[in-house]
Amino acid sequence: MTTAYSESSTERIPGRAWTIRLTGHADRSATVTCSTAACRMPPRSKDLAALRVFAAQHVAAHAKAATVRPNASCHCRAQRCATHEHTRVHCAGTVVLILRHDPTVGRVWTLEEVCESCAPLISNATILARAARTRAPAPRRPPRRLRCPRNPVCPAASSPRPPLRPWGAHKPSPGRAAHQPRRGAGALT
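Below: a short report on this structure. Residue indices begin from 1 for each chain and proceed along its sequence in written order. Reporting of local features is limited, given that this is a predicted model, to residues whose pLDDT is at least 70; pairs of side-chain atoms are given and counted only at 80 or more, and all residues count toward the totals for whole chains, interfaces and linings. Excluded from the side-chain calculations are hydrogens and water; all other atoms, namely the structure's heavy atoms, are used.

**Comments concerning the overall build of the protein chain**
From N to C terminus, the protein chain includes two helices and five strands. Starting at the N terminus, helices and strands are each numbered in turn, a helix being any DSSP run of H or I of at least four residues and a strand any DSSP run of E of at least two. Going from N to C terminus, the protein chain has its helices and strands arranged as β-β-α-α-β-β-β. Only protein chains enter the accessibility calculation, which uses a 1.4 Å probe; a residue is then buried when its area is under 20% of its type maximum, exposed when over 50%, and partly exposed in between. Classification of the 189 residues of the protein chain by burial places 24% in the buried group. Whether two residues are in contact is decided by their heavy atoms: any pair within 4.5 Å suffices. Considering only intrachain contacts with a sequence separation of at least 6, the fraction spanning at least 24 residues in the protein chain is 55%. Put simply, the protein chain shows about 15500 Å² of open surface, and 54% of that area lies on carbon and sulfur atoms. To measure how exposed things are, a 1.4 Å probe is used in the Shrake-Rupley method; for residues, cover is taken only from the protein chains shown.

**Topic: the pairing of strand β2 (residues 30–34)**
The element β2 is extensively covered by neighbouring structure, given that four of its five residues are classed as buried. Pairing between strands is defined by DSSP: at least two bridges between them are needed. Where strand β1 (residues 17–24) meets β2, five bridges bridge the pair, whose relative direction is antiparallel. The partner of Arg 21 across the bridge, within β2, is Thr 33. Adjacent in sequence and paired antiparallel, β1 and β2 are bridged by five residues, among which Arg 28 carries a positive phi angle near 65°.

**A word on the nonpolar core**
Residues Ile 20, Leu 97, Trp 109 and Leu 111 are the most contacted members of the largest nonpolar core, which totals 20 residues. The element best represented in this core is helix α1 (residues 48–65), accounting for four residues. The residues touching Leu 97, leaving out its near neighbours within four places in the chain, are Trp 18, Ala 63, Ala 66, Val 68, Leu 111, Glu 112, Glu 113, Thr 126, Ile 127, Leu 128 and Ala 129. The next biggest cluster of nonpolar side chains, apart from the first, holds 10 residues, and it includes Cys 76, Val 96, Cys 115 and Ile 122. By nonpolar core is meant a set of buried Ala, Val, Leu, Ile, Met, Phe, Trp, Tyr and Cys residues that side-chain atoms within 4.5 Å join together.

**Digging into the sheet that holds strand β4 (residues 108–115)**
Taken in spatial order, the five strands make up an open sheet running β2-β1-β4-β3-β5, and their pairing is antiparallel. Edge positions in the sheet fall to β2 and β5 (125–130), since each has one partner strand and no second. Strand-to-strand twist across the sheet, computed as the mean angle between neighbouring axes with direction ignored, equals 20°. Axis definition: a line fitted to C-alpha atoms, over the contacting stretch in the case of helices. Angles run 0 to 180 degrees between N-to-C directions. Contacts between α1 and the sheet are confined to β1, β2, β3 (95–101), β4 and β5, with β2 contributing the most and set at about 10° to the helix.

**Let's talk about the pattern of salt bridges**
In what follows, salt bridge is the name for a side-chain nitrogen of Lys or Arg lying within 4 Å of a carboxyl oxygen of Asp or Glu. In total, this model carries five salt bridges according to the counting rule given. Here Asp 27 and Arg 44 are joined by a salt bridge, their closest N and O atoms 3.1 Å apart. Pair noted here: Asp 27 is in the loop between β1 and β2 and Arg 44 is in the loop between β2 and α1, with a separation of 17 residues, a long-range link. The class for Asp 27 is partly exposed, based on a relative accessible area of 40%. Here the salt bridges do not stand alone but share partners, grouping Arg 16, Arg 69 and Glu 113 into one network.

**What about the layout of surface pockets?**
Over the atoms, a rolling probe the size of a water molecule traces out where space has been left empty. Note on definitions: the grid is 1 Å and covers protein atoms alone; a cavity is a set of points where a 1.4 Å probe fits but cannot get out; a pocket is an open set with protein on both sides within 12 Å along at least five of seven lines; lining residues have an atom within 4 Å of a point. Grid points are joined across faces, edges and corners, and a volume is the space filled by probe spheres set on the points. In this model, the second largest pocket occupies a volume close to 160 Å³. Arg 100, His 101, Asp 102, Val 105, Gly 106, Arg 107, Val 108, Thr 110, Ser 123 and Asn 124 together form the lining of the second largest pocket. Elements that contribute at least two residues to the lining of the second largest pocket include exactly β3 and β4. In terms of residue class, the lining of the second largest pocket is made up of two nonpolar, five polar and three charged. In this count, Pro and Cys sit with the nonpolar residues alongside Ala, Val, Leu, Ile, Met, Phe, Trp and Tyr, while Asp, Glu, Lys and Arg are called charged and the others, Gly among them, polar.

Shown next, in the form of structure tokens:
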């Protein structure tokens, strides 16, 4: 029997990491390796520039294909924050995808899902993407209905309201004069 794994959006899952490495050999050739076993790599070659370009393009392909998961835990923390040993922080914030690559060495490219607190502390790291912030859906409320007893005097039970007239366009009530003086505003003698 096969059991499908269902992942809850609130449950933390391990942060992912991909490492692409350019390894030199004694005969002045090199190979490119990827931590993902399913990736196809070029054969061993003496053309280091072409292998370096391939490695950079391969990292870019992983970065483009990876969607940062908002419920991922910090990969840096799983490694006991070894990339920033001298500065301790509490892992917090949203998850970001970083690229670590030291251009002076130029042989290792690492993509990692880490938290916002660790990302600025990691040397030679560039933030490539951020996880989308998830909001809990607002609870749906049923539409409010006006309850009114079945009474012909109740306005909700009667026919629709008469149309509203523009401000000041009302008719004076029958039996009242169009202009009545105010109380106490009689003529002074």
